[in-house]
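Secondary and tertiary structure notes
Listed here are the chains, written in short residue letters.
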Amino acid sequence: MRLETRRLLDRAFSSLGLIAIGVMALALVVILTPIIVRGSGAFIFRSTIEHRKVMFDQWDRGNAGRLETAKAEVAAARQPVYDMLAAFNTELDAMPRADRKPYKQSLRDLEKALAGLLGPVPGERTPVLIRQQYGATRWDRTQIKLDDVLTTEEWDYSDPTALGKLVRTPRVEQFRGTKLEPLFPYVEQNIKAMMQPRWTCYWQFLFDTSKDSHIFGGIGPEVLGTIYLTLGAMFFAIPMGVIAAIYLCEYAREGRVISFLRICISTLAGVPSIVFGLFGLAFFLNTIHISDSKSVLAGALTLSLLVLPTVIRASEEAILAVPRAYKEAAMSLGAGRWRTVMTVILPAALPGILTGVVISMGRAAGETAPIIFTAAVSVGRPLLPLEALSQPTPALSWNIYNLCTEHEAVDEIRHVQYGMVFTLVAVVLLLNVFAIIMRARISKKLRG
Amino acid sequence: MSAAIEMKRASSFAGHAEEDFSLHPAHVQTEDFSVFYGNFEAVKKVNCNFPEGMVTAMIGPSGCGKSTLLRAINRMNDLIPSCRAGGTMTFDGENIYRKDIDVVSLRMRVGMVFQKPNVFPKSIYDNIAYGPRLQGIKNRNDLDEIVESSLKQAAIWDEVKDRLTTNALGMSGGQQQRLCLARALAVKPEILLMDEPTSALDPKATTKIEDLIGQLRGQYTIIIVTHNMQQAARVSDLTAFMYEGTLIEFGATRQLFTRPREKQTEDYITGRFG
Amino acid sequence: MKPKAHSPKRSLVMNASTSRLRRLGAFLGQGFLFSVTSLSTLTVFFIFYFIAKDAFPFFKLEGFREFFTSTHWYPSGHPAEFGAMAIFFGTGLVTLGAVAVSVPLGISAAVCLSDVLPFNTRQIVKPVIEILAAIPSVAYGFFALVVFAPLLQNHGGIVLSTGAWLILTPILSLLVIVLGDLLADRFPEALRRKARWICTLTLGAAALTGMMMLGNHLSAIQIASGTNALNVSIILGIMALPTIVSVSEDALQATGRELREGSYALGATRAETIMKTVIPASLSGILAAVILGVMRAIGETMVVWMASGNASRIPEPWYNMLEPVRTLTATIAGDMGEADHVTGSARFHVLFAMAFCLLTFSFVMNLVSESIVRRSRKKLGK
Ligand SMILES: Nc1ncnc2c1ncn2[C@@H]1O[C@H](COP(=O)(O)OP(=O)(O)O)[C@@H](O)[C@H]1O
Ligand SMILES: [Mg+2]
């Protein structure tokens, strides 16, 4: 081969590696960007008058006087819509029966779409479900609901060889020549006056309970549940893990028993997380009946087993990194083994142990599979600490799954889903960044 | 660089006449004492007396077992899993390798200073108070007193008295080593073991440590390992020369450096090997 | 002689009762430490025992045959059918896909980290890997389901052909240049320059046409459902990357400088040094890394549950990554919700049987990777 070709290959080889790293960084960016951008939309967004109504009715937030004025303004802007509907109804009544029929279904569809946008017709009986009591609360949802009002969508399956095709037609076509024809341009042009969009920071999203299965409100119970589960898991995992690490590093004599224990630890680290979940179900709930139903306690215990190997390894590493000289100095001053560990080795290893603990916390907070059968429920109220012993809880990780697969109105609550993912990812990343910085400082200290 | 010439200056510094040290009461005594690492015999059947209140230097080429023998005196070798001892070593008349010996009490009576300064990553005060606290001294006044007197004994009090609460790792190497000495003294030991205490220090700091050893002579039995023959000549009353685990010669420093009895000793101090 | 500074002597000899107390204390203390340690490590046996305990009733009730050889999975039917072959197949397919994504990328990145990048850059890249590893699996699953699946479903052809172009362009252009060079070497000296141009150009043109045809073919594809094996494989591949990168980087680093310097001294380029000496020397470590990556992919639940489509059938043809599949973990997660009120039925136990298979597999894989790592460490130590 020519030298140039060899050089070229060499450079190509290096750039292959760089590309791989670039792809990794790109993947990180691609995954995090929508989560961050749309996730922050759960907190900061353009809210409509409907959002303010919800806040006032359900959480007593906002200024009553100003809300009343706004409501009056909005009602005035919406009145023509209802007037036109009423006029159309009179028009219908005057029509011969045969002409009336085709309009009936279209009118019902239109009324439904309008209710989705503006909420129930004023003066009519208030619906039972909270979700039917209000129109679109967010400006982005308003756009979609407006689109529902303005156009109809239909799937066309006429060509059996291809996939179905979506056909969109303006809804106004259905009402050509009637009193309703001007309704559509009116709604389109006056949507701002009818909804009064305004930038809002809904920081209470983090703490509010949800209303009507997450269609309104925040993720308070989930956040609290995740905190309980994580802290609970660490409550069990830290003592066990640190003690095991102390034993393995400072007391155990290398031999068969120890290498056996080490194999156990690495096996434990390799057990799939769903298997931990099944074990938690089979052992904590079905065998020793730690609680009658799923509970935070059972979930925390299961999670603690999951993070145990990480805690042990990190602690071991931190303990082994403590200079031998410290140990010898303490011993030569007459400290026993236990005293040496407690007064010299553990304090010196603490930052390293803490780093591992923080990383494990991130892991415990984000794991879903182990808590599916042991702790998580879809809807619940915030628990008191003592209730955690016997009650299940909603949790961020589980509810992300639940809301984007099993919820009855998946598309309506995208912002809640994104908000949850954003919160969870933010928590985990903050923990990890904290650990990374801490480790950098430790290694700097060790180096110089 | 002849050790013999250096010797003249040193002995005047030490200021003691030649004595028959075998008359002094032995503080630590070994009989056929051996140390093994696994199957490897690092110290071979050593017999010697370390007399009370004297400074004894151990010299010899690297790897000859000096540290091993020194660490045997406060049983630091117990920390090494493969290490075993044979023969007897008595301290104050007790065989310290007997089963019912309390290693913790032993180590409190036998202080040690290591090759590299190994201060704890704690404040200066906590470093010194570490040993006394282990002994159960909690009273703040008592601790203050011990800290002050130990630091004064180690001639470092004036340098650190205004920053006792700062982290000891911020001090210079020489200061750290003197702090280690003060820390060992705070336990009020009878014997001080020093394993090449100046090998990591610059000449100035070395001089300070050597001066300190001179001041502590008489109050403590000091055993110092050094690879530096001049240092041995300067600071010690007695010198032990070891080679490949065997104690070749043991006697008054002056005599060993000027009129060695063994051929190997002579070769070593005149720099013909090692 | 100066007065002695030390306090009254403490006795070296412990009296019998102190000694006994001390020894008892030490024994109890160590015993406590040992029991906590073994308790936490032997949990693994608890897990094995309790999974096996609930798994065996299934095999007793239904036997092995149907479970491993049939593809009919109707656990709630009358009569219930428990053929899990398609599920095993789905697990394998998705894992293979993940390996195909993560192994080339991961090893290239590891090589780059250990041999190409300067120290400071490495310090920046490592946190990226750690963060990639830290993102919760449910967040990956959410991304796969809510962002990636609609993208595949609506713009599948474009995504596929762009992907193909991105992957194949650098590889093919390298191949063309090298092949052109090798071919030209066969010509006599005088003609070589011209021959090189001609060869390279012809090969390049051929490669380009091939690429165009492939691109057209791919962009005509319509993906029926974005939740399919391809989606899951890519996401799982990204999730397995951090493991593969960090473990194989450790293996590459462990080979040491001497080996590299030996090769450089003989006039080898960096690429040759790495390909011909470093990688062969650290092959076992890299293998262990791949095994760990495979374990991560097999054991993952949330991503596959959310984005694999959960169809319990073998795709047509079997390698068709664009069809939905179903995996063991997703089946356990998804079916236990319906099965746990029929605790004790075959429907309940079959999920434990699956978990037992997973557990056994990961245990064996773990032992294999441990022994590989241990053996290679011994070899390097010598
Ligand atoms: N922990 C150990 N394990 C095995 N062998 C050791 C250990 N420490 C020292 N040795 C061996 O014992 C011999 C004496 O070592 P040492 O006492 O440290 O020598 P010195 O201090 O005189 O240089 C050396 O040959 C050394 O290799
Ligand atoms: Mg030594």
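Residues numbered from 1 in each chain as written. Chains lettered and ligands numbered in written order. Predicted model: local features only at pLDDT ≥ 70, side-chain atom pairs only at ≥ 80, totals over all residues. Heavy atoms only, no water.

With that out of the way, let us pick up the overall build of chain B. Of the regular secondary structure elements, chain B holds eleven helices and ten strands. Scaling as 2.2 N^0.38, a compact globule of 274 residues should have a C-alpha radius of gyration of about 19 Å, and chain B matches this with 18 Å. Based on the C-alpha atoms only, the size of chain B along its principal axes is roughly 55 × 45 × 30 Å. In chain B, which comprises 274 residues, the proportion classed as buried is 58%. Taking all contacts inside chain B whose residues are at least 6 apart in sequence as the whole, residues at least 24 apart take part in 67%. (Helix = DSSP H or I, 4+ residues; strand = E, 2+ residues; numbered from the N terminus. Rg over C-alpha atoms; globule rule 2.2 N^0.38 Å. Buried < 20%, exposed > 50% of the residue type's maximum accessible area, 1.4 Å probe, protein only. Contact = heavy atoms within 4.5 Å.)

With 89 residues of chain C at the interface, the matching set in chain A holds 82 residues. Together, the buried faces of chain C and chain A total about 7,400 Å²; carbon and sulfur atoms form 81% of this surface. Of all residues in chain C, the largest losses of buried area upon contact with chain A belong to Leu33, Phe50 and Phe142 of chain C, amounting jointly to 8% of the total for that side. The tally of links between chain C and chain A comes to two salt bridges. In this structure, the salt-bridge partner of Arg6 of chain A is Glu272 of chain C, at a minimum N-O distance of 2.8 Å. At the boundary of chain C with chain A, the tally comes to ten residue pairs in polar contact (both at pLDDT 80 or more). It is helix α1 (residues 16-62) of chain C that provides the largest number of residues to the side of chain C that touches chain A, a total of 20 residues. Class assignment of the residues belonging to the side of chain C that touches chain A gives a composition of 63 nonpolar, 16 polar and ten charged. (Buried area = accessible area lost by both parts, 1.4 Å probe. Salt bridge = Lys/Arg side-chain N within 4 Å of Asp/Glu carboxyl O. Polar contact = N/O pair within 3.5 Å; in protein donor to acceptor, adjacent residues only side chain to side chain. Nonpolar A, V, L, I, M, F, W, Y, C, P; charged D, E, K, R; others polar.)

Take the domain arrangement of chain B next. Residue and element names in this part refer to chain B. Looking at chain B, the domain boundaries give domain 1 (24-112 + 209-227 + 235-249) and domain 2 (113-192). Surface buried jointly by domain 1 and domain 2 totals about 1,700 Å² across both partners, of which 64% is contributed by carbon and sulfur atoms. Where domain 1 packs against domain 2, one counts one salt bridge. One salt bridge in this structure joins Glu190 and Arg109, with 2.6 Å as the shortest N-O distance. The tally of links between domain 1 and domain 2 comes to nine residue pairs in polar contact (both at pLDDT 80 or more). (Domains from an automatic or database assignment.)

This brings us to the sheet that holds strand β8 (residues 221-225) of chain B. Residues and elements named next belong to chain B. Pairing within the open sheet is mixed, and its six strands lie in the order β6-β7-β8-β3-β9-β10. At either end of the open sheet lies a strand with only one pairing partner, and these are β6 (110-113) and β10 (246-252). Each strand of the sheet is rotated relative to its neighbour by a mean of 15 degrees, with strand direction disregarded. Packed on one face of the sheet, helix α2 (residues 66-73) meets β3 (55-59), β6, β7 (191-195), β8 and β9 (238-243) and runs near 155 degrees to β7. (Pairing = 2+ DSSP bridges. Axes fitted to C-alpha atoms, helices over the stretch in contact; angles between N-to-C directions.)

Residue and element names in this part refer to chain A. A grouping of Arg97, Lys101, Lys104 and Arg108 is seen on the molecular surface, where their side chains present a positively charged patch. By the element assignment, Arg97 lies in helix α4 (residues 97-118). Look at Arg97 and you get exposed, because its relative accessible area is 70%. (Patch = residues over 30% accessible without salt bridge, like charges linked within 9 Å, V, L, I, M, F, W, Y side chains within 5 Å. Areas by Shrake-Rupley, 256 points an atom, 1.4 Å probe, with all protein chains shown as cover. Lys, Arg positive; Asp, Glu negative; His and termini not counted. Charge placed at Lys NZ, Arg CZ, Asp CG, Glu CD.)

Residue and element names in this part refer to chain A. In terms of domains, chain A is made up of domain 1 (47-201) and domain 2 (220-447). Distance from the C-alpha centre of domain 1 to the C-alpha centre of domain 2: 49 Å. Facing the four residues of domain 1 at the interface are four residues of domain 2. Surface buried jointly by domain 1 and domain 2 totals about 380 Å² across both partners, of which 35% is contributed by carbon and sulfur atoms. Remark: the boundary between domain 1 and domain 2 carries three salt bridges. The residue Glu408 makes a salt bridge to Arg131 at a minimum N-O spacing of 2.9 Å. If you look at where domain 1 meets domain 2, you find three residue pairs in polar contact (both at pLDDT 80 or more). Residues of the side of domain 1 that touches domain 2, tallied by class, amount to no nonpolar, no polar and four charged.

Residue and element names in this part refer to chain B. Surveying the vicinity of ligand 1 reveals the residues Tyr37, Phe40, Ala42, Ser62, Gly63, Cys64, Gly65, Lys66, Ser67, Thr68 and Ile80. Gly63 is positioned with one of its backbone polar atoms (N or O) 2.6 Å from an oxygen atom of ligand 1. Here Cys64 contributes a backbone N or O atom positioned 3.3 Å from an oxygen atom of ligand 1. Those elements giving two or more residues to the shell around ligand 1 turn out to be β2 (40-51) and α2. Looking at which element gives the most residues to the shell around ligand 1, the answer is α2, with three residues. Taken together, the residues that form the shell around ligand 1 break down as five nonpolar, five polar and one charged. (Near = heavy atom within 4 Å.)

All right, on to the sheet that holds strand β1 (residues 26-37) of chain B then. All names here are of chain B. Strand order in the open sheet formed by four strands is β2-β1-β4-β5, with antiparallel pairing between adjacent strands. Looking along the sheet, the strands with just one partner apiece sit at the ends: β2 and β5 (94-95). Sheet topology places strand β4 (residues 83-91) next to β5; two bridges connect them, and they run antiparallel. Note that in β5 the partner of Phe91 across the bridge is Glu94. Across the sheet, α2 lies against β1, β2 and β4, angled at about 120 degrees from β1, the strand it touches most.

Moving on to the state of the cysteines. A covalent bond between the sulfur atoms of two cysteines is referred to as a disulfide. Residue and element names in this part refer to chain A. One pass over the structure, following the stated rule, counts zero disulfides over all chains. A disulfide-free cysteine, Cys249 has its sulfur positioned 17 Å from the sulfur of Cys264, the nearest such atom. Given a relative accessible area of 17%, Cys249 falls into the buried group. (Disulfide = S-S within 2.5 Å.)

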